[in-house]
Amino acid sequence: QVQLVESGGGLVQAGGSLRISCTASGRASSVVVMSWFRRAPGKEREFVAGISWSSGDPFYIDSVKGRFTISRDNAKNTMYLQMNNLKPEDTAIYSCAARSSALSGYDLWGQGTQVTVSS
């Protein structure tokens, strides 16, 4: 069983930077895609960025392109989201998720980490 644990959230001023991490424990070798989702207060959860675990190919929503960078370290089973030029509208609980096989959807989820951007 794979477990996902996020870390690195916090409070930052607008224009600042944060890096959040997600570490997979257990049988992480089966993971094919890992992604970041976020849920802002009063809003639906939205996809933010994802990365192919084998190739490292990233993909982003338009609102974070050029500001956020997703990466992974296979040796550490860890995914990162470097967030630069943060805006108050980036305030949300950020959760990592993984697809445990090519045939599954996002079936593994972390508990989430709070990111708060003050204006």
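Placed above this text is the structure.
Please read these numbers as outputs of a predicted model, since none were measured by experiment.

Cut-offs and rules
- Residues numbered from 1 in each chain as written.
- Predicted model: local features only at pLDDT ≥ 70, side-chain atom pairs only at ≥ 80, totals over all residues.
- Heavy atoms only, no water.
- Disulfide = S-S within 2.5 Å.
- Helix = DSSP H or I, 4+ residues; strand = E, 2+ residues; numbered from the N terminus.
- Buried < 20%, exposed > 50% of the residue type's maximum accessible area, 1.4 Å probe, protein only.
- Contact = heavy atoms within 4.5 Å.
- Polar contact = N/O pair within 3.5 Å; in protein donor to acceptor, adjacent residues only side chain to side chain.

Trainee: Even after reading the chapter, I still don't get the state of the cysteines, so can you show me in this structure?
Mentor: Linking two cysteines covalently via their sulfur atoms produces the bond known as a disulfide. One pass over the structure, following the stated rule, counts 1 disulfide. Each sulfur of the disulfide joining Cys22 and Cys96 lies 2.1 Å from the other. Between Cys22 and Cys96, the disulfide has an S-S torsion of 55° and is therefore right-handed. Highlighted residues: Cys22 in strand β3 (residues 18-25) and Cys96 in strand β9 (residues 92-99), separated in sequence by 74 residues. Assigned by exposure class, Cys22 and Cys96 land together as buried.

Trainee: Help me out: how do you make sense of the environment of Ser30 in this one?
Mentor: Along the polypeptide, Ser30 turns up in the loop between β3 and β4 (33-39). Relative accessible area serves as the criterion here: at 35%, Ser30 is assigned to the partly exposed category. Excluding its chain neighbours within four sequence positions, the residues that come into contact with Ser30 are Arg99, Ser100 and Ser101. There is a polar contact of 3.3 Å between the side chain of Ser30 and the backbone oxygen of Ser100.

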